[in-house]
Amino acid sequence: GESVGLHLPTLSVQEGDNSIINCAYSNSASDYFIWYKQESGKGPQFIIDIRSNMDKRQGQRVTVLLNKTVKHLSLQIAATQPGDSAVYFCAENTYYGQNFVFGPGTRLSVLP
Amino acid sequence: SAVISQKPSRDICQRGTSLTIQCQVDSQVTMMFWYRQQPGQSLTLIATANQGSEATYESGFVIDKFPISRPNLTFSTLTVSNMSPEDSSIYLCSVRDRERHEQYFGPGTRLTVT
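Residues numbered from 1 in each chain as written. Chains lettered and ligands numbered in written order. Predicted model: local features only at pLDDT ≥ 70, side-chain atom pairs only at ≥ 80, totals over all residues. Heavy atoms only, no water.

Chemist: Help me out: how do you make sense of the layout of surface pockets in this one?
Modeler: Which parts of space are left empty comes out when a probe the size of a water molecule is rolled across the atoms. Space inside the largest pocket adds up to approximately 470 Å³. Forming the walls of the largest pocket are 24 residues, and the residues nearest its centre are V87(A), R107(A), Q37(B), G40(B) and Q41(B). The residue inventory of the lining of the largest pocket, partitioned by class, reads eight nonpolar, 12 polar and four charged. Lining the second largest pocket we find K37(A), Q45(A), F46(A), I47(A), Q60(A), R61(A), V62(A), I77(A), D84(A) and Y88(A). Sorting elements by how many residues they give to the lining of the second largest pocket places strand β5 (residues 45-51) of chain A first, with three residues. Its residues assigned to classes, the lining of the second largest pocket shows five nonpolar, two polar and three charged. (1 Å grid on protein atoms, 1.4 Å probe; cavity = no way out; pocket = protein on both sides within 12 Å on 5 of 7 lines; lining within 4 Å. Points joined across faces, edges and corners; volume = space filled by probe spheres on them. Nonpolar A, V, L, I, M, F, W, Y, C, P; charged D, E, K, R; others polar. Helix = DSSP H or I, 4+ residues; strand = E, 2+ residues; numbered from the N terminus.)

If you want it as structure tokens, here you go:
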């Protein structure tokens, strides 16, 4: 079946640096993607989404890039802060689809 | 975004017993889901909670083990029946905005079965 995976299971960055979290997906029919942040002991928090008719979308300190040619998604966090430490999941679906498929997650650790 | 609450937030239960988890949303939503997240792992969909009809279960999950109710558009329950230590997980309620397609999660219920 379709799967969503991540290149890096863990990522450590210095405070103030930019972070890039990557995600590969295998279902070429997927056209809607969401990034979630999950802090310890909490539920996943919606960060940003993107549809396949876009290749870039920006939010507050975050940017999601979508490369449909190679089925790759990335989340960029600018000026990473200690509060960004969490596990980040990508999820993919078709826009009118029923179920999201979640990647395995990447743990981001921000070093002082 | 929808505000989702779950009760209980955590529980420790003995094997063989059952626990019912409640999910309350602050607005009417068409689509509600229940997920399981085992320690250190990603999210797995258990079922879609359908208002006024039986839930739709994913492969590997059955109604006898995880009965679900959804009496209205703002509330759902998930029961974990005849629990074993393998059921120790975080159980998450989730809702989707039908117009905007965004999906949100509750805070989760951390279940430990001894």
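Chemist: What exactly am I supposed to notice about the pattern of salt bridges here?
Modeler: Side-chain pairs of opposite charge can arise where the charged atoms are in close proximity. All names here are of chain A. All told, the structure shown has four salt bridges over all chains when counted by the stated rule. Residues K42 and E39 are paired through a salt bridge, measuring 3.8 Å at the closest nitrogen-oxygen approach. Exposure remark for K42: the relative accessible area of 48% places this residue in the partly exposed category. (Salt bridge = Lys/Arg side-chain N within 4 Å of Asp/Glu carboxyl O. Buried < 20%, exposed > 50% of the residue type's maximum accessible area, 1.4 Å probe, protein only.)

Chemist: Hey, could you run me through the environment of I77(A) in this one?
Modeler: Residue and element names in this part refer to chain A. On the secondary structure map, I77 appears in strand β8 (residues 72-77). According to the relative accessible area criterion, I77 is buried, its value standing at 3%. Once the C-alpha coordinates of I77 and N53 are considered, the two residues, 24 residues apart in sequence, prove to be 22 Å apart. Beyond its immediate chain neighbours, meaning those up to four positions away, I77 contacts D17, N18, S19, R61, V62, D84, Y88 and L108. (Contact = heavy atoms within 4.5 Å.)

Chemist: Where do I start with the side chain of S30(A) in this structure?
Modeler: Residue and element names in this part refer to chain A. Within the fold, S30 resides in the loop between β3 (19-25) and β4 (32-38). Residue classification places S30 among the buried positions, given a relative accessible area of 5%. What S30 contacts, discounting residues up to four positions off in sequence, is Y25, E92, N93 and T94.

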